[in-house]
Amino acid sequence: MTAAQLPPVAPEVTATLVEDLSPRLRKRLDAAVAKLGARPTHRDGDTVTIAVDDDTELRLHAPGGVVAAVDAITCGCLLAPACVHRAAAACAAPAADLPSEPVPDAALETVPDAAPDSSSAADPTLEPTPATARKPAPGTAPAAQPALTPPGSTPLTTAPANDLAPATAAAPGNAAPAPDEATPAQCKAAAALWSAGAAVLEAGVGGSGAVAQAALLRAAHTARLRQLPRVASAALSVVTLLRAARAGDPSYRTADLVTALAELLGTAHRVGTASGAELAAVRGRARRPYSPDGSLRLYGLFTEPVVTDSGHGGARTWVAAPDGRLCTVGDVAPGGVGRALGVADRTVRLGDTALTHRELGRAGLAVSGATVSPDGRLGAGKGVKAVTARGAAWTEPPLAALWETPAAEQAARALRSVSRYAEPDGGGSDLLFLDVELLGAVRESGGTCLLARCDGGVGVRLTVDDDDPALAHRDNLMLLATTAGTRLRIIGRLVPAPHPRLTLLACSHPTGESTVDLGFDRLRRADLPDPAAPVRPAPPQPGGPGVDSPLHLLERRVEQAVSAGRAALGMLGDVTTEARRLRRAGLPTAAGLLTALCASAAQRERDLFGRLLPADTDGFAAHWLAAARYTAAVAESLCAAAWEPSPGILMESPADAATTSRLTANGSRR
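From a predicted model like this one, the values you see are computed outputs, not experimental measurements.

Undergrad: Which parts of the structure should I look at to understand the overall build of the chain?
TA: A count of helical and extended segments in the chain gives 20 helices and 15 strands. In the chain, which comprises 670 residues, the proportion classed as buried is 51%. On the chain, roughly 29,400 Å² of surface is accessible, and the fraction owed to carbon and sulfur atoms is 54%.

Undergrad: How should I be thinking about unusual backbone geometry in this particular structure?
TA: Excluding glycine, residues mostly have negative phi values, and the peptide bonds linking residues are mostly trans. Following Ala 80, the chain continues to Pro 81 via a peptide bond in cis, the omega torsion being 5°. Relative to the assigned elements, Pro 81 resides in the loop between strand 4 (73–75) and helix 4 (84–92). In the segment running from Pro 397 into Pro 398, the intervening peptide bond is cis, with an omega of 5°. Position of Pro 398 relative to the elements: it lies in the loop between strand 9 (385–389) and helix 13 (407–418). For Gln 227, which is not a glycine, the phi torsion comes out positive at approximately 60°. Inspection of the secondary structure puts Gln 227 in the loop between helix 7 (210–225) and helix 8 (229–246).

Undergrad: What is the right way to look at the pairing of strand 3 (residues 57–61) in this model?
TA: Along any regular strand, the residues point their side chains to alternate faces of the sheet. Burial of strand 3 is one-sided: the residues Leu 58 and Leu 60 facing one way are buried, the residues Glu 57, Arg 59 and His 61 facing the other way are not. The antiparallel pairing of strand 2 (residues 47–51) with strand 3 creates a hairpin that spans 5 residues between the two strands. Where strand 3 and strand 4 come together, 3 bridges link them in antiparallel fashion. Bridge pairing links Leu 60 to Ile 73 in strand 4.

Undergrad: Where do I start with empty space enclosed by the protein in this structure?
TA: Which parts of space are left empty comes out when a probe the size of a water molecule is rolled across the atoms. Quantified by volume, the second largest cavity comes out at close to 50 Å³. Residue lining of the second largest cavity: Thr 463, Val 464, Asp 465, His 473, Asn 476, Leu 477, Leu 504 and Leu 518, and that is the complete set. Considering every element that reaches the lining of the second largest cavity, the biggest residue donor is helix 14 (residues 473–480), with 3 residues. Partitioning the lining of the second largest cavity into residue classes produces 4 nonpolar, 3 polar and 1 charged.

Undergrad: So what exactly am I meant to see when it comes to the packing of aromatic side chains here?
TA: Both the distance between ring centres and the angle between the ring planes are used here to describe each pair of aromatic rings. Using the criterion set out here, one finds 3 aromatic pairs in the structure. Here Trp 403 and Phe 433 contribute two aromatic rings whose centre-to-centre distance is 5.1 Å and whose plane-to-plane angle is 75°, an arrangement assigned as edge-to-face. Taken together, the residues Trp 403 in the loop between strand 9 and helix 13 and Phe 433 in strand 10 (residues 431–444) connect sequence positions 30 residues apart. Each member of the pair, Trp 403 as well as Phe 433, carries the same accessibility label: buried. The structure contains a cluster of three or more aromatic residues connected by ring pairs, namely Trp 394, Trp 403 and Phe 433. Over the aromatic face of Tyr 299 sits the side chain of Arg 297, whose NZ or CZ is 4.3 Å from the ring centroid.

Undergrad: Would you explain helix 13 in this entry?
TA: The first and last C-alpha atoms of helix 13 sit 16 Å apart over 12 residues, in line with the 16 Å expected at 1.5 Å per residue. Inspection of helix 13 places Ala 407, Ala 408, Gln 410, Ala 411, Ala 414 and Leu 415 among the buried residues, and these make up the whole buried set. Buried positions in helix 13, seen along its axis, are confined to an arc of 155° and lie on one side of it. Turned more than 90 degrees away from the buried face of helix 13 sit Glu 409 and Arg 416, all of them exposed. Where helix 13 is buried, its residues touch strand 10, strand 11 (447–454), strand 13 (487–494) and helix 19 (617–642).

Undergrad: Looking at this structure, I do not really get the environment of Ala 363. What am I missing?
TA: Within the secondary structure, Ala 363 is located in the loop between helix 12 (357–360) and strand 8 (364–372). The spatial distance from the C-alpha of Ala 363 to the C-alpha of Phe 302 is 9.6 Å, given a sequence separation of 61 residues. Setting aside its immediate chain neighbours within four residues, Ala 363 contacts Tyr 299, Gly 300, Leu 355, Ala 389 and Gly 391.

Undergrad: Mind showing me how you'd approach the sheet that holds strand 1 (residues 41–44) here?
TA: Strands in a sheet are paired, the pairing made by backbone hydrogen bonds, and the direction either parallel or antiparallel. Sheet architecture is open: 4 strands sit in the order 1-2-3-4, paired in antiparallel fashion. The sheet is open, and its two borders are formed by strand 1 and strand 4, each paired with just one other strand. Within this sheet the neighbouring strands show an average axis-to-axis angle of 20°, counted without direction. Two strands pair when backbone bridges link them, and strand 1 and strand 2 are joined in this way by 4 bridges, in the antiparallel orientation. Opposite His 42, over in strand 2, you have Thr 49 as the bridge partner. The strands touched by helix 4 within the sheet are strand 2, strand 3 and strand 4, with strand 4 carrying the most contacts at an inclination of about 140°.

Undergrad: How should I be thinking about the pairing of strand 14 (residues 501–508) in this particular structure?
TA: By the criterion of burial, strand 14 is predominantly enclosed, with 8 of the 8 residues buried. Sheet topology places strand 12 (residues 459–463) next to strand 14; 3 bridges connect them, and they run parallel. By the bridge assignment, Thr 463 is partnered in strand 14 with Thr 503. Of the pairings in the sheet, the one linking strand 13 to strand 14 comprises 5 bridges and is antiparallel in character. In the sheet register, Ile 491 faces strand 14, and the bridge partner there is Ala 506. If you look at the hairpin formed by strand 13 and strand 14, you'll find 6 residues sitting between the two strands. Sheet topology note: the strand 14/strand 15 (residues 515–517) ladder contains 3 bridges and is antiparallel. Note on strand 15: the bridge partner recorded for Cys 507 is Val 516.

Thresholds applied
- Residues numbered from 1 in each chain as written.
- Predicted model: local features only at pLDDT ≥ 70, side-chain atom pairs only at ≥ 80, totals over all residues.
- Heavy atoms only, no water.
- Helix = DSSP H or I, 4+ residues; strand = E, 2+ residues; numbered from the N terminus.
- Buried < 20%, exposed > 50% of the residue type's maximum accessible area, 1.4 Å probe, protein only.
- Areas by Shrake-Rupley, 256 points an atom, 1.4 Å probe, with all protein chains shown as cover.
- Pairing = 2+ DSSP bridges.
- 1 Å grid on protein atoms, 1.4 Å probe; cavity = no way out; pocket = protein on both sides within 12 Å on 5 of 7 lines; lining within 4 Å.
- Points joined across faces, edges and corners; volume = space filled by probe spheres on them.
- Nonpolar A, V, L, I, M, F, W, Y, C, P; charged D, E, K, R; others polar.
- Phe/Tyr/Trp six-rings, centres within 6.5 Å; stacked < 30°, edge-to-face > 60°.
- Lys NZ or Arg CZ within 6 Å of the ring centre and 35° of its normal.
- Expected span 1.5 Å × (residues − 1).
- Arc of directions from axis to C-beta.
- Contact = heavy atoms within 4.5 Å.
- Axes fitted to C-alpha atoms, helices over the stretch in contact; angles between N-to-C directions.

What follows is the structure, encoded as structure tokens:
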């Protein structure tokens, strides 16, 4: 049995079932979840049956596709309904992300804020975001700022951190806030989520079992009832990733859990301090709204396959408006890569057009009554009318203007879109439009990529978007790698890295005729230029200002804390050597954060009798969050600087820049 075979379970259902278990059964819950995962399942309509043993069956009733009530999970064992099987089934199933519903203030007082005794969950460890960090200019790193303050605590001043301002969450019973401030109930819900997230960080992946996850789910449910869907969704993301990590899911990446946990802690922290428009962004929206956009004249760009880890597949076609705004028309549903290949030749679900996705990528649309989501998706409601219109070549207006913007400006815009902590509904696209010269294939630790040079002399590594052999990405890239010296007009998706890097999505045909959707269309050798043409040798792999940056010394400690918990980080001992290396590289803030993080992890106070006191989980979480946000900001700064035609030096302050300038001048005089 896999999680995908079970219906999603509402967070409050899972939390309630776990809370109702006795302490003895809670200790057995993780083992019960693992054991249940090996049992066969059977689906009959809205009911999924799990064979607990030869004589006992467990049933999950999911009308509408979601288990929304505690009574919808029943067990036939002798201990039911107080058995461990019901809670284990809920913990094994995916967490349902339900929309928020307004709840009267009186009803909020009856909603529990967290699971009772949530501290027992830990042994002594695609859109939510933490506090917005000011984006450093390319070639610079964020300056040191006051450290974070956990909700409801006193400011921390033991270490430099990023630019998240200290805050204290409002407590219930305070004076009524202004309309543009968070209510006491919202502040209390955010503080509960902070505590649950800090407990996960304290225990690490290994110590964050079903009980710790239930505490997060309970806090997420409370936050959603109090109209905080953004931070509630962040909590559900953390739970999903924790389950993937503990189950050994091959698609799990520690960096994803770092981002999700930092989003949870940072957003929870901001609830008590934000106001006005910022508070509206921090609260978030339960659903992405489609807003009316009148009449649109759209020109097709390309079509890409969409295949997700959750088993969904389909196609997405990108179109552009005359002003350069990008929109998408998608068709994604359960089905995997097989469905993706089939959908490309199906009619687009938009108005009365008879175009398929592939045809739309080279044609045009005239749309009236258009509706568009904040991320550019076109709605297909009853009031939307669309008819086929003439398209435009990539070299003709208005599409040609997309390739006229300098690569560095396009990369900066794409970085704002793909930032780990980008504000939701921020708009923008992660696509880059470049004219390049192919230079040949280069080998990397992860395989082979295609090296190209774009205007301005910046070397770019082009990789495949999906390695699935059923798609054409890999075969097309290998063929293009044999045509060194060929000039192409390409569309790629930015990959944040310390060197210029894109996943190649579409390109002009090597013969100059039409375009190629590299995920669907397969190039042939007959399509390539004359093999007798002179071939330039591939130069060394391109570098960038961040290729040799020791920022990974801090990044790996941030990830280690998530994987193994605070205690493992506290046993590292002296990190003076690593801190010294960071300072020599011009990253004194990173050195200070590393030192403070490890010191906070190792700090344990004793009482008058020499007994260890409980660890300061809030303080450690604040130091960890500052380090996580800092590494993300510096990594994005390095990425932006790598796209500049003349690579700069990563500096942290004007004083450092002046010092380097004097040293350079003295060296040139000598």
